[in-house]
Amino acid sequence: QVQLVESGGGLVQPGGSLRLSCSASGIGFSFRAVGWYRQAPGKQRELVARITPGGTTNYTDSVKGRFTISRDNAKNTAYLQMNSLKSEDTAVYYCNIDKSVVIRSSVAYWGQGTQVTVSS
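A brief look at the structure comes next. (Residues numbered from 1 in each chain as written. Predicted model: local features only at pLDDT ≥ 70, side-chain atom pairs only at ≥ 80, totals over all residues. Heavy atoms only, no water.)

Re the packing of aromatic side chains
Move 1: If you walk through the whole model with that rule in mind, you get 2 aromatic pairs.
Move 2: Aromatic pair Tyr 37 and Trp 110: ring centres 5.0 Å apart, planes at 55°, arrangement tilted. On the criterion of sequence distance, the pair formed by Tyr 37 in strand β4 (residues 34-39) and Trp 110 in strand β10 (residues 109-110) is long-range, its members being 73 residues apart.
Move 3: Looking at Tyr 37, the relative accessible area reads 22%, which means it is partly exposed.
Move 4: For Trp 110, a relative accessible area of 39% puts it in the partly exposed group.
Move 5: For the pair Tyr 94 and Trp 110, a centre-to-centre distance of 6.5 Å together with 80° between the ring planes defines the contact as edge-to-face. Placement of Tyr 94 in strand β9 (residues 91-97) and of Trp 110 in strand β10 is noted, with a sequence separation of 16 residues between them.
Move 6: Accessibility expressed as a relative area gives 18% for Tyr 94, which makes it buried.
Move 7: What links up through ring pairs into an aromatic cluster is the set Tyr 37, Tyr 94 and Trp 110.
Move 8: In this structure, Arg 45 is placed above the aromatic ring of Tyr 94, and the distance from its NZ or CZ to the ring centre is 4.2 Å. (Phe/Tyr/Trp six-rings, centres within 6.5 Å; stacked < 30°, edge-to-face > 60°. Helix = DSSP H or I, 4+ residues; strand = E, 2+ residues; numbered from the N terminus. Buried < 20%, exposed > 50% of the residue type's maximum accessible area, 1.4 Å probe, protein only. Lys NZ or Arg CZ within 6 Å of the ring centre and 35° of its normal.)

Okay, structure coming up:
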């Protein structure tokens, strides 16, 4: 049993902001890349943002300039700051803690998902 907890979802109006958190203990968090995925009804799950152990970030085009992924290794926590939210951002957001070759772990972990709803 691994402690992996997502939080921060909710209901906001277009243009609003939310910050999602993903905390994971006991898995060598600092050695793993973290990704935020989302899945909306009628759409495939997509990778929204990713951050490597060294802090390099990647974003899908639709969220560039609006979302920021970050991590605090001392707290074993990753964040997704979402600003200027749009209706099309509505989805269930999932945190993924990737496998790590460095620590020889072939196991990845998924959060339980948190609902983000952007409504007028």
